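Overview (structure and organization)
These are the residues of each chain, in order.
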Amino acid sequence: MPVTMPAPDAGLVSRRDEIVAGLRAIVPGEGVIASEPEMRPYESDGLTAYRQLPMVVVLPSTTDQAAQVLRYCHERGIKVVPRGAGTSLSGGALPLADGVLLGMAKFNRILDIDFDNRAVVAQPGVTNLGITEAVEHAGFYYAPDPSSQIACTIGGNVAENSGGVHCLKYGMTANNLLGLEMVLISGDIIRLGGKHLDSDGYDLLGLMTGSEGLLGVITEITVRILKRPQTARAVLIGFASSEAAGDCVAKIIGAGIIPGGMEMMDGPAIRATEEFVHAGYPLDVEALLIVELDGPQAEVDHLLERVSAIAQGCGAANLRVSNSEQERLTFWAGRKAAFPAVGRISPDYYCMDGTIPRGKLPLVLARMREMSASYGLRVANVFHAGDGNLHPLILYDANTPGELERAEAFGADILKLCVEVGGVLTGEHGVGVEKRDLMPEMFNEIDLAQQQRVKCAFDDQGLLNPGKVFPTLHRCAELGRMHVRGGRLPFPDIPRF
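These figures come from a predicted structure and were not determined experimentally.

A short note on a nonpolar patch on the surface
- A contiguous nonpolar surface patch, about 390 Å² in accessible area, is contributed by Tyr202, Leu204, Leu207 and Val454.
- For Val454, a relative accessible area of 34% gives the class partly exposed.

Listed below in structure tokens is the structure:
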């Protein structure tokens, strides 16, 4: 479906030079980027089909600078799009032609490591993997591990409530977040939570997690770190069909076993990944499970036996257990490189993100194969099987007329199917612009209006990341009066790559 954004404010665009000068007074030197060539790296995020140059890019390096920038924009009615590393796959950091892109890359320091309280305080520009690297010498790690963890930032992880291959047992970002410092659009700075485990009052920390930059700009984050398990071993299990692999997933969870991670890949993804990484994946199967068990040695050995027996009962074609830490890491290296591996077999691909009940996995995979034939587009499946978070990769060529549009329609049908079987539109990538117009598949107008009232409590003028998440925009004053009413504001087409 075509993605559209709010119409640019011609008045603001005409005042660009004045706005750039005002921002340079707050963030001097190289902190303001205004030339077209230098702004090109910011024109899209990981959803590269949609591109738009921002009006100006601002790169503050302190919380005070960020607060001043937001206050300046609030007083003048200027829109602001927060951005971390730009790895978002839902267009959540897509700029606006009449908006300031607020880049948080200079907030890249770890401020405190507290092993006694098992907490790390970091700025939002620190990479996900950077937190683990800072504490692994003491036997600790940060559990959420998105495939992009080498590049994605902890601030973006909070904005999208990111997961990863180990979220089945150890939870999403929300389950590992202890505290935040954030700046409101007014320029006010507030703190939520801390190193303590419990807080009174409303759960504003939970509200901020997954808020996609619509409520505030995060400037400091406190996360929980965990002690490395005594033992971790992974097992590769190959199946003749995706349905058999899906059945195995359901039976493992149904047996009361919660693996550290449980991932699934189908035939096209297996072959592309093995050619790219050489992880030792079997090429004569149509589905592959990677199941990791961790904990005390005796427990891991016992669970490996149980998982192996369940897999054999589901018709596993082959089974291979890691016999060293290096071999375990190699198993995972293939899975984590699946997205770039698929990029080698297709000029373009569209990465989806929906979540379904585990028991519906065989049905959904079969329906996706039917859709693939109907749309004439290949699909490679890589997903977090344990929690039902699907990441179908729709392969297309943007240079072939009509293929991008078919890929979008195919993706929309996959997400509608997820909702149809009792799932949700997103597991960890967020709504952004990609899924915005599908929100009515899950929520009625009253639901969406109530969610927008929450945004209005933080952002009275609708200046933070407008055009994302909500398919129909209502002004805050209008929301205060309305029960249910239409009133879609114009969303003109934005340039696509």
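Now that the structure has been shown, the text picks up again.
Comments concerning the sheet that holds strand S3 (residues 79–83)
- Pairing within the open sheet is mixed, and its 4 strands lie in the order S1-S2-S4-S3. Only two strands of the sheet have a single neighbouring strand rather than two, namely strand S1 (32–33) and S3.
- Pairing between S3 and strand S4 (residues 99–103): 5 bridges, direction parallel. Bridge pairing in S4 places Pro82 opposite Leu102.
- Sitting on the sheet, helix H4 (residues 63–76) is in contact with strand S2 (56–58), S3 and S4, with an inclination near 170 degrees to S4.

Quick word on the state of the cysteines
- Taken as a whole and judged by the stated rule, the model has 1 disulfide.
- Here Cys456 is linked by a disulfide to Cys476, with a sulfur-sulfur distance of 2.1 Å. Judged by the sign of its S-S torsion, about -95 degrees, the cystine formed by Cys456 and Cys476 is left-handed. In this pair, Cys456 sits in helix H16 (residues 445–458) while Cys476 sits in helix H17 (residues 476–481), placing the two residues 20 residues apart along the sequence.

Notes on unusual backbone geometry
- Of note in this structure, Arg118 is not a glycine but carries a positive phi near 50 degrees.
- Relative to the elements of secondary structure, Arg118 occurs in the loop between strand S5 (110–114) and strand S6 (119–122).
- The phi dihedral of Asn465 falls on the positive side, at around 50 degrees, and the residue is not glycine.
- Structurally, the position occupied by Asn465 is in the loop between H16 and H17.
- Judged by its relative accessible area of 2%, Asn465 is buried.

A word on the sheet that holds strand S15 (residues 318–321)
- Pairing is antiparallel across the open sheet formed by 7 strands, whose spatial order is S15-S12-S14-S13-S18-S20-S16. In this open sheet, the two edge strands, each paired with only one partner strand, are S15 and strand S16 (348–351). Neighbour to neighbour, the strand axes of the sheet diverge by 15 degrees on average, direction disregarded.
- This element, helix H15 (residues 403–420), spans S16, strand S18 (379–383) and strand S20 (392–396) of the sheet and lies at about 160 degrees to S20.

Remarks on the pattern of salt bridges
- Inspection of every chain in the model, using the stated rule, returns 25 salt bridges.
- Put simply, Arg40 and Glu43 hold a salt bridge, and the shortest N to O gap is 2.5 Å.
- Here Glu181 ties to Arg191 by a salt bridge, and the two come within 3.3 Å at their closest N and O atoms. One end of the pair, Glu181, is in strand S8 (residues 177–183); the other, Arg191, is in strand S9 (residues 189–193), with 10 residues separating them in the sequence.
- A relative accessible area of 10% means that Glu181 is categorised as buried.
- By relative accessible area, which is 53% here, Arg191 ends up exposed.

The rules behind these values
Residues numbered from 1 in each chain as written. Predicted model: local features only at pLDDT ≥ 70, side-chain atom pairs only at ≥ 80, totals over all residues. Heavy atoms only, no water. Patch = residues over 30% accessible without salt bridge, like charges linked within 9 Å, V, L, I, M, F, W, Y side chains within 5 Å. Areas by Shrake-Rupley, 256 points an atom, 1.4 Å probe, with all protein chains shown as cover. Salt bridge = Lys/Arg side-chain N within 4 Å of Asp/Glu carboxyl O. Buried < 20%, exposed > 50% of the residue type's maximum accessible area, 1.4 Å probe, protein only. Pairing = 2+ DSSP bridges. Helix = DSSP H or I, 4+ residues; strand = E, 2+ residues; numbered from the N terminus. Contact = heavy atoms within 4.5 Å. Axes fitted to C-alpha atoms, helices over the stretch in contact; angles between N-to-C directions. Disulfide = S-S within 2.5 Å.

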